[in-house]
Every structure is written in structure tokens, then in C-alpha cells.
Amino acid sequence: MNLNSLAFRLLATSAAWMLVVLPLAGFIIYRLYSEDVRANFDDRLAKLVNSIALDALDTGSIEPVIPVNRFEPLFEDPHSGWYWQISPLGHAAQTLKSKSLESAGLESPFEAKMPADEAGQRWLNAKGPVGESIRIIEVIDAIGKDAGAKQYSVSVAGPIAWLETRNRNFLTRLTIALALTGIGLVLASLFQVRVGLMPLRSIEHALADIRSGKAEALDGELPEEIAPLQRELNALIKSNQDIVDRARTQVGNLAHALKTPLAVITNEANEERTPFGAKVAEQARLMRDQINTYLDRARMAARIGVIGRVTEVAPVVEALKRALERIHRDRGITITTSVAPGLKFQGEQQDLEELLGNLLDNGCKWATSEVSVSASPAPDRDRLRRMVVTVEDDGPGLSADERAKLGKRGLRLDETKPGSGLGLSIVTDLVTSYRGNFELAESPKGGLLARLELPAA
């Protein structure tokens, strides 16, 4: 999965969205939980202070009594963080306190000018006897209902660390849960992307089969969203085939339409034993050569434009080897071959025969005793498969200047050898049509080395 792939974009978008949503959801959940724990903690302190006030002041006695510590066992442990205290307001009396306070005391929210809430309770966050953070609740109550009844401050404190511990534990569990959820969602997204993009992989394989000649259309049932693409690709392939067929027909019609008029002009000019007739005949031959050249190119372009044409390389090489060894039998020319198993040319068989036939025939003409041909896959470039074919001989070879001149239509470096000078020109045109490469070099055997790079299936 590379950075420019559709799968990476979908997965990265999903992961980025989760990186935003999951922390936001975790923050909201943590805030709600913290507020709920705080409210429960305050409710617990409120129940404790009201219970202690009821137990200590509403006993029928004229003085507060120590309440029975059935509300919170930690009131009995020194410096536990849980404390209660009953102090007189405006008169002299004994201050009662829990054993957990020992000799210390609690700050009074009333004296700290903290406002009372709707229930008459005052709240204050302060420091405990050993410097710990505590939350204090205070209510003002009296013994009896008389107007001059003595008032007392009843306070209860609980450790804020109790709140923080629960919040911290919950935050740890929440973080782990959300992290596992995020990992699970990323894996689910990866699976979803892979499964969702599988039809595109099927299309890739189907198109490869069409290019290699294994199929003629994009078949198979595809998802509803991709089905229009399948129809359009099949229509494009059919249109390509129709265009090629029409081009072939038009090329054939043009060849037949021009052949007779040119033959008539040439014959008439040859009968004229004048300089004018010779000139007309010469120009007619030039016209015929030019027409043949461009008709050949048109035929090649039409063949190359057909999708799905594939040729096995080995059978073509073996057939040419047998034919040329028979032709040059009297000179004792041997042709050695080395073709990679299963190698296929992405094009017409007759074009491959034209390419290799011209190069092998040229090699046999100039070779002393041996011509070798090899074909193998080349490294893929831009996801395009290529093949390399080399033909070399042990003849006298050519200089760099002579190699540069070869390939021009009709040019022959040695008139003593049979031929028209069109072989390498045809090779050059065909290789150019197939968007390949053709180069000549000096062979290690001393002769000429021709190297072709062509599309492979």
C-alpha cells in the first residue's frame, strides 16, 4: 500500500477521523464520570453531616453528645482523611470531634464566609491535619426549637484524594478501552478497504487478461457502483476493434484503388522513349514506393492498435532458425537460440517474424559461421512489461559511423550482397510503432549486435 493508493487514502481518512472522534468522546465521558463521582461524594458528605447532627443534637440532652460512629468506620482511624467535628457558636461549650482528628480541628466554612446553598449547607476545600486536601461540609443546627436555643456547627470532611483516585483509575481504564477500540476500528477499516476494493483488483486482472489475449471482454459480475465502468470499458474495447477493422479495410481499399492507376501510368511512361516518359516513370516509381511505405506503416499501426494480440516468442525463433539454416546451408551458418521459457510478445506474430526475420537474415548474410539470438524479460518500467531480443554475428562488423547510417530506407553499405536495403528500415518503423527501442552495437564475437526492446505480455 503506497502513499498514492486509494486504499491508503481511505484508511488514512478513517484513522484521522478516529483520532479526532475517540479522544473527544473520551474527554466527554471522563467529564461526565468525574461530575457524577463528585456529586456522589458530596451526597455522601451531606448524608453523613445530617446523620451526625441528628445523632448528636436531637437526643433530648441540653448538651451535644458523641454520636455513634456507625456512619463511616474511617472516622476511628487517625488521620484517615474522614473527620467530623461539632463546635459551639457564640457560647462556651466543649468541641466534640472524631478520633481521626486527634488534637487537630477543621476549618469552618461559616467563619470563612462561604455562602450557604439551598439546603443551608456550606462547602470548603481546605487542608487536613497532615496537609492532605479535604472537602468540608458544614451545617448550623441547634439543640431544641426555642428562640434562644444554643447553635452548633456540625462539620464533616472527606479526602479529595478519594475522588482523584477514582477518576484516575477510570481514566486509565477508559484510555485502554478507547485505544483497543481505535485499534479494532483501524483493523476493521483495513479489512473494509481491502474487501471494498477487491472488485478493482478483479478489473485489473481482467484487463491484463484482455491485453494478453486470454479474454476479449471484461466479464464477471461486479458491484453496482462499478458495473457502469465495466460497460464503458467493454464498449471502448469494442470500439477499438471496430476502428482497427475499419482502418484495415480502408488501407486495403486504398492499396487496390492506387495500384491500377500507377501501373497504367508506369506502363504508358515506359512506352514513351523520351526524357519526359523516363521522368514520369521515375516519379511513378517514387510514388509507388512512398505509397507502399505509408500503407505498410498504416497496416502496422492497425495491427498494433488491436488489444489482446499476443505471440509466443520461442516458436517464431525456432521457425526462422530452421528456414534460414536451410537457405544458408552451403555456407555452413549455424544459428544458436536462447529464449526464456514462456516469453510472449505483446503484438502480432507477423510483426515479430518481420522484425526477427530481417535481423537474422542480415546476420546470416554477414556472418562467418555463427549467428546467435537471445530473448529474455527486461525489468518493468512504469508497470509496463518489456522484453529484450539480441541478434549478433561473428562477421566483420561495422564502424560507429556505418552503424549510424543503417536503418535509412533503401540505403545499402555493400551492393554485392542481395537485398533491397529496406530490412533495417522496416525494423526501425516496426519498433517505433510498438514504442520500443532499437540499437546497433559491436558484438563481443566481432560482428554486429542488434538489440531490440519490445512490449511483453
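For the structure itself, consult the block above.
Quick caveat, the model's predicted, so the values are computed rather than measured.

Asks: Describe the sheet that holds strand β5 (residues 151–159), and please don't skip the residues or the numbers.
Replies: Spatially, β2-β1-β5-β4-β3 is the arrangement adopted by the 5 strands of the open sheet, whose pairing is antiparallel. Each edge of the open sheet carries a strand with a single partner, namely β2 (96–97) and β3 (122–127). Strand direction decides the pairing type here: strand β1 (residues 83–89) and β5, joined by 7 bridges, are antiparallel. Across the sheet, the residue bridging to I86 is V154, located in β5. Its contacts with the sheet place helix α1 (residues 6–57) against β1, β3, β4 (133–142) and β5, and it is angled at close to 145° to β5.

Asks: Tell me about the pattern of salt bridges, residues and numbers included.
Replies: For the coordinates displayed, the defined rule picks out 11 salt bridges. Two residues, R31 and E35, come together in a salt bridge whose shortest N-O distance is 3.7 Å. Of this pair, R31 and E35 both sit in helix α1, separated by 4 residues, roughly a single helical turn. R451 is the salt-bridge partner of E439, the closest N and O atoms lying 4.0 Å from each other. Placement of E439 in strand β11 (residues 437–442) and of R451 in strand β12 (residues 448–455) is noted, with a sequence separation of 12 residues between them. Overall, R451 belongs to the partly exposed group, its relative accessible area being 26%.

Asks: Give me the lowdown on the packing of aromatic side chains, citing residues and values where you can.
Replies: Within this structure, the stated rule accounts for 4 aromatic pairs. In this structure an aromatic cluster arises from ring pairing among F41, W82 and W162. Positioned above the aromatic ring of W162, the side-chain terminus of R44 is 5.9 Å from the ring centre.

Asks: Which residues make up the pairing of β11, and what are the values?
Replies: Relative to β12, β11 runs antiparallel, the two sharing 6 bridges. If you follow F438 over to β12, its bridge partner there is L452.

Asks: Kindly report on the environment of Y33, identifying the contributing residues and their values.
Replies: Relative to the assigned elements, Y33 resides in helix α1. As for Y33 and F170, which are separated by 137 residues in sequence, their C-alpha atoms are 8.3 Å apart.

Asks: Which residues make up the side chain of T390, and what values do they have?
Replies: Within the secondary structure, T390 sits in strand β10 (residues 384–393). Of the polar contacts made by the side chain of T390, one reaches the side chain of S374; its length is 2.5 Å. The contacts of T390, once residues within four sequence positions are left out, are S372, V373, S374, A450 and R451.

Asks: Mind laying out the environment of R385, listing which residues take part and the relevant values?
Replies: When you line up the elements, R385 lands in strand β10. Residues R385 and F345, spaced 40 residues apart in sequence, show a C-alpha to C-alpha distance of 9.8 Å.

Asks: An account of the nonpolar core is requested, with residue identities and associated values reported.
Replies: One broad rule of soluble globular proteins: the nonpolar side chains tend to lie buried together. Within the largest apolar cluster, 34 residues are counted, with the highest numbers of intra-cluster contacts made by V313, L356, L360, V371, M387 and L452. Breaking this core down by element, the ones donating at least two residues are α5 (313–327), α6 (349–366), β9 (370–381), β10, α8 (423–433) and β12. A per-element tally of this core places α6 first, with 6 residues. Residues within four places of V371 in sequence aside, it is in contact with I333, T334, I335, T336, L360, G363, C364, V391, E392 and D393. Counting residues in each nonpolar core, the second largest holds 23 residues, with A53, F75, W123 and V154 among its members.

Asks: For unusual backbone geometry, give the residues involved together with the corresponding values.
Replies: For H79, which is not a glycine, the phi torsion comes out positive at approximately 50°. Inspection of the secondary structure puts H79 in the loop between α1 and β1. Judged by relative accessible area, which is 34%, H79 ranks as partly exposed. Here the phi dihedral of E102 falls at roughly 55°; this positive angle occurs in a residue that is not glycine.

Asks: With reference to specific residues and values, describe the environment of D394.
Replies: Structurally, the position occupied by D394 is in the loop between β10 and α7 (400–405). Accessibility expressed as a relative area gives 17% for D394, which makes it buried. Once the C-alpha coordinates of D394 and C364 are considered, the two residues, 30 residues apart in sequence, prove to be 9.5 Å apart. Those residues in contact with D394 that lie beyond four places of it in its chain are A367, T368, S369, E370, K445 and G447.

Asks: Lay out the packing of α5 against α6 with the relevant residues and their values.
Replies: Running from N to C, α5 and α6 cross one another at 40°; their axes reach a closest spacing of 10 Å. By the angle between their directions, the pair α5 and α6 is classed as oblique. In this structure, the crossing between α5 and α6 has a hand that is right-handed. Facing α5, whose interface residues are V313, V316, V317, L320 and L324, α6 presents Q349, L352, E353, L356, G357, L360, D361 and C364. For the contact of α5 with α6, the per-class residue count stands at 9 nonpolar, 2 polar and 2 charged.

So, how was this worked out
Numbering of residues begins from 1 in every chain and follows the order in which that chain's sequence is written. Whole-chain, interface and lining totals are the exception, using all residues; otherwise, since this is a predicted model, local features are given only for residues with pLDDT of at least 70 and side-chain atom pairs are given and counted only at 80 or more. Side-chain measures here rest on the full set of heavy atoms in the structure, leaving out hydrogens and waters. Only when DSSP finds a minimum of two bridges between them are two strands counted as paired. By the criteria applied, helices consist of DSSP H or I runs no shorter than four residues and strands consist of E runs no shorter than two, each listed in order from the N terminus. The contact criterion used is simple: two residues touch if any of their non-hydrogen atoms lie within 4.5 Å. To define axes, lines are fitted to C-alpha atoms, for helices over the stretch in contact only, and angles between the resulting N-to-C directions are given on a 0 to 180 degree scale. The term salt bridge refers to a side-chain nitrogen of Lys or Arg lying within 4 Å of a carboxyl oxygen of Asp or Glu. Exposure categories follow from relative accessible area, calculated using a 1.4 Å probe and restricted to protein chains: below 20% of the type maximum is buried, above 50% is exposed, and the middle band is partly exposed. Any two rings among Phe, Tyr and Trp, with Trp reduced to its six-membered ring, count as a pair given centres within 6.5 Å; such a pair is stacked if its planes are under 30 degrees apart, edge-to-face if over 60, and tilted if neither. Sitting over a ring, as applied to charges here, requires NZ of Lys or CZ of Arg to be within 6 Å of the ring centre and within 35 degrees of the ring normal. What qualifies as a polar contact is a pair of N or O atoms within 3.5 Å, subject to a donor-acceptor requirement within protein and to the restriction that residues adjacent in sequence count only when both atoms come from side chains. Definition used in this section: a nonpolar core is a set of buried Ala, Val, Leu, Ile, Met, Phe, Trp, Tyr and Cys residues joined via side-chain atoms within 4.5 Å. Our angle categories are set so that under 35 degrees counts as roughly parallel, over 145 as roughly antiparallel, 65 to 115 as roughly perpendicular, and the remainder as oblique. If you view the pair so one helix is near and one far, a crossing is left-handed when the near helix is turned anticlockwise from the far one by less than a right angle, and right-handed when it is turned clockwise. Each residue receives one of three labels: charged for Asp, Glu, Lys and Arg, nonpolar for Ala, Val, Leu, Ile, Met, Phe, Trp, Tyr, Cys and Pro, and polar for the others, Gly being one of them.

So far we have only geometry, and geometry alone does not tell us how the molecule works.
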